[in-house]
Amino acid sequence: MRKKIFLALAISAAAVSLFFTANFIRAASSPGMALTGRVSSEEEGAMEGVLVSARKAGSTVTITVVSDEKGRYNFPSKKLEPGQYAIVVRAVGYEVDGAVAATITPGKTAAVDLKLRKAQDLAAQLTNAEWLASVPGAEQQKSTLLSCVGCHTVERIVRSKYDAAGFTQAILPRMASYANQSTPLRPQLRLGARDTALVGEDQARLQRAQAEWLSTINLSASSTWNFPLKTLPRPRGKATQVIITEYDLPRPTIEPHDVVVDAEGIAWYSNFGEQTLGKLDPKTGKVTEYPVPEPKKGSPTGALSVRSDKDGNLWLGMMYQASVAKFDRKTEKFQVWTIPAELNKDNTQINMTSPMSYTVDGKLWTQNNGFAGVHRVDLKSGTWETWDPFKDSPRGHNIYDVIADSQNNAYFTDIGKEHIGRIDAKTGKLTMYETPTKGSGPRRGMMDAQDRLWFGEYRGNKIGVFDTKSERFREWAMPTPWSNPYDVAVDKNGDAWTGSMLSDRIARLDPKSGQVVEYLLPKSTNVRRVFVDNSTTPVTFWVGSNHGASIIKLEPLD
């Protein structure tokens, strides 16, 4: 009898061994895959749309894929070199129970199934958009926070314990004193307020109303929030067909506001808070920084925009340094044009340049946030010309971007209202147009090969395009509330790409069908300028994590 039991156990053990061996062989035979697995939970079973990220020990690069409708995720072998990897996930409402690791071996496929549990702190996982969807209040009240997320998250506000008096007397005045490029890690003080800003009783009245509302959505009166926390759905379908690579930068204080990729595949970025221009080699992860001149010492540091001209040289809008700069990629030297002394005030803020067509007449367009103005610089003589489109009614207006067409006529966006302006390069004539959506807040954009101006409607939650020849607008609403597009880039296929400072999502619009695919990013990402590299097939999308000190490459698989 005992021999029969031992024989049965031996047969059973052999069967179990054969079962696990067979599973391993199936995983190992997955063609071209370094790591695969299934994501599931007790509540849902197989989970689609879970972001799975792998980071090699000692590396500055993280690779992310997304689980499909069967809960399967796959990392191609070309994306993960051999070594030990830490595995993390993003799935709002869920978390992995404990640390997860995987060992990648040449020629084999590692298999790691992920069992998720309900998150212990859901609030810590919410995006800015989810907080705005959750908190009670009118849309007009919530929209006031669109000016806050440039420096910090909504979570910091709702977790605070200030009452209305605390907000009014201390917090709101202090926030208003900081420059745009401030973050909790590196705040910088303004030297002067914009000419277009509210002042006196008008400003005080607005701050009191905002303070009263903020004190009802934070923890000033209770240890818990008195409203349910709302979450956005996870990616599905096409939105899961993507690979995302994130490159960490050397310091947490680096703010990669704009990212552009040159003809050699090198990514360049402006540093919003520090006087450096950065270069990333995506093949090696190596970062090189170039010190940017500081012509206005004592003013806040950092550059907002970086754009390339037709020769591949880079142009910076130097913000409170009141200058524009050209960086020659061959000589690696800067040339700087500073605004004349009579225009160089404490609040002078030169954010943008438009070098795409300056060779037409040798003149560069830029703008000035200090008084909602537009400038044109004669690069040979150094002469600056000025347009003041809103001098008769300055309050509320704010010229954000200036973009030249193929003839170097200037188009500018008025984020404070709903205007697109045009300045004729030959006559200087100013023409104003209004977007179909009132209060749309056109922010940043690009001119395509057909001289159509594409732009993000930050306060309208839409993408807009203005045909400069027919003088007609089109608009497309974003499917996710509080996406608030910052910028738009159009690829070689005609798709329009944008990103959100609030939802951590990248949207890809097919203008013909109106279909939008939204790709979720692996971490909280304060998206600004967006860039599409058309030299690859499919195209590759790039963006800086302005508050996360990293650069992100997104590769759609279709």
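Residues numbered from 1 in each chain as written. Predicted model: local features only at pLDDT ≥ 70, side-chain atom pairs only at ≥ 80, totals over all residues. Heavy atoms only, no water.

## Observations regarding the pairing of strand β28 (residues 442-447)
Part 1 of the reasoning: Here β28 lies mainly inside the structure; 5 of its 6 residues are buried.
Part 2 of the reasoning: Relative to strand β29 (residues 452-457), β28 runs antiparallel, the two sharing 4 bridges. Of the residues in β29, the one forming a bridge with Gly-445 is Phe-455.
Part 3 of the reasoning: From the end of β28 to the start of β29, which pair antiparallel, there are 4 residues, and Asp-451 there has a positive phi angle of about 60°. (Buried < 20%, exposed > 50% of the residue type's maximum accessible area, 1.4 Å probe, protein only. Helix = DSSP H or I, 4+ residues; strand = E, 2+ residues; numbered from the N terminus. Pairing = 2+ DSSP bridges.)

## Observations regarding the packing of helix α5 (residues 164-176) against helix α6 (residues 200-217)
Part 1 of the reasoning: With their axes 9 Å apart at the nearest point, α5 and α6 run at an angle of 120° to one another. With respect to α6, the axis of α5 lies oblique. Viewed along their axes, α5 and α6 form a crossing whose handedness is right-handed. Across the interface between the two elements, Ala-164, Phe-167, Thr-168, Leu-172, Pro-173 and Ala-176 from α5 touch Gln-207, Arg-208, Gln-210, Ala-211, Glu-212, Leu-214 and Ser-215 from α6. (Axes fitted to C-alpha atoms, helices over the stretch in contact; angles between N-to-C directions. Parallel < 35°, antiparallel > 145°, perpendicular 65-115°, else oblique. Left-handed = near helix turned anticlockwise from the far one by under 90°. Contact = heavy atoms within 4.5 Å.)

## Thoughts on the sheet that holds strand β37 (residues 540-545)
Part 1 of the reasoning: Ordered in space as β8-β6-β3-β4-β11-β38-β37-β36, the 8 strands form an open sheet in which the pairing is antiparallel. Strands at the two margins of the open sheet, each flanked by one partner only, are β8 (100-104) and β36 (530-533). Taken over all neighbouring pairs, the strand axes of this sheet differ in orientation by 25° on average, direction set aside.
Part 2 of the reasoning: Pairing of strand β3 (residues 51-56) with strand β4 (residues 61-66), which is carried by 5 bridges, proceeds in the antiparallel orientation. Within the sheet, the bridge partner assigned to Leu-51 lies in β4 and is Val-66.

## Let's talk about the side chain of Asn-461
Part 1 of the reasoning: When you line up the elements, Asn-461 lands in the loop between β29 and β30 (462-467).
Part 2 of the reasoning: One polar contact links the side chain of Asn-461 to the main-chain carbonyl oxygen of Thr-480, over a distance of 3.3 Å.
Part 3 of the reasoning: Engagement of the side chain of Asn-461 in a polar contact is seen with the backbone nitrogen of Ser-483, the distance being 3.0 Å.
Part 4 of the reasoning: Excluding residues that lie within four positions of it along the chain, Asn-461 makes contacts with Trp-476, Ala-477, Met-478, Thr-480, Pro-481, Trp-482, Ser-483, Asn-484 and Pro-485. (Polar contact = N/O pair within 3.5 Å; in protein donor to acceptor, adjacent residues only side chain to side chain.)

## Structural notes on the confidence of the model for the chain
Part 1 of the reasoning: Overall, the prediction assigns the chain a mean pLDDT of 93, with 95% of residues at 70 or greater.
Part 2 of the reasoning: Scored below 50 in pLDDT, residues 1-29 makes 4 contacts in the model with residues more than four places away or belonging to other chains. (pLDDT = per-residue confidence, 0-100.)

## A word on the sheet that holds strand β25 (residues 410-414)
Part 1 of the reasoning: Here we have 4 strands laid out as an open sheet, ordered β24-β25-β26-β27, and antiparallel in their pairing. One side of each edge strand has no neighbouring strand; the edge strands of this open sheet are β24 (399-404) and β27 (430-434). Across the sheet, the mean angle from the axis of one strand to that of its neighbour is 20°, orientation sign disregarded.
Part 2 of the reasoning: Across 4 bridges, β24 lies against β25 in antiparallel orientation. The residue of β25 that forms the bridge with Val-402 is Phe-412.

## Some remarks on the pattern of salt bridges
Part 1 of the reasoning: One pass over the full model with this rule turns up 32 salt bridges.
Part 2 of the reasoning: Lys-438 is paired through a salt bridge with Glu-434; the nearest N and O atoms lie 3.9 Å apart.
Part 3 of the reasoning: In this structure Lys-438 comes out as exposed when scored by relative accessible area, which is 59%.
Part 4 of the reasoning: Of the charged contacts, one joins Asp-448 and Arg-452 as a salt bridge, the two residues approaching to 2.7 Å between their closest N and O atoms.
Part 5 of the reasoning: By relative accessible area, Arg-452 is classed as partly exposed at 24%.
Part 6 of the reasoning: Linked through salt bridges whose partners overlap, the residues forming this network are Asp-258, Arg-307, Asp-401, Arg-444, Asp-487 and Arg-529. (Salt bridge = Lys/Arg side-chain N within 4 Å of Asp/Glu carboxyl O.)

## Points about α5
Part 1 of the reasoning: Along α5, the sharpest change in direction is near 30° and occurs at Ala-170; proline Pro-173 comes one to four residues later.
Part 2 of the reasoning: For α5, the full list of buried residues reads Ala-164, Gly-166, Phe-167, Ile-171 and Leu-172.
Part 3 of the reasoning: Buried residues belonging to α5 abut α6. (Bend = angle between axes of the 7 residues up to and from the residue.)

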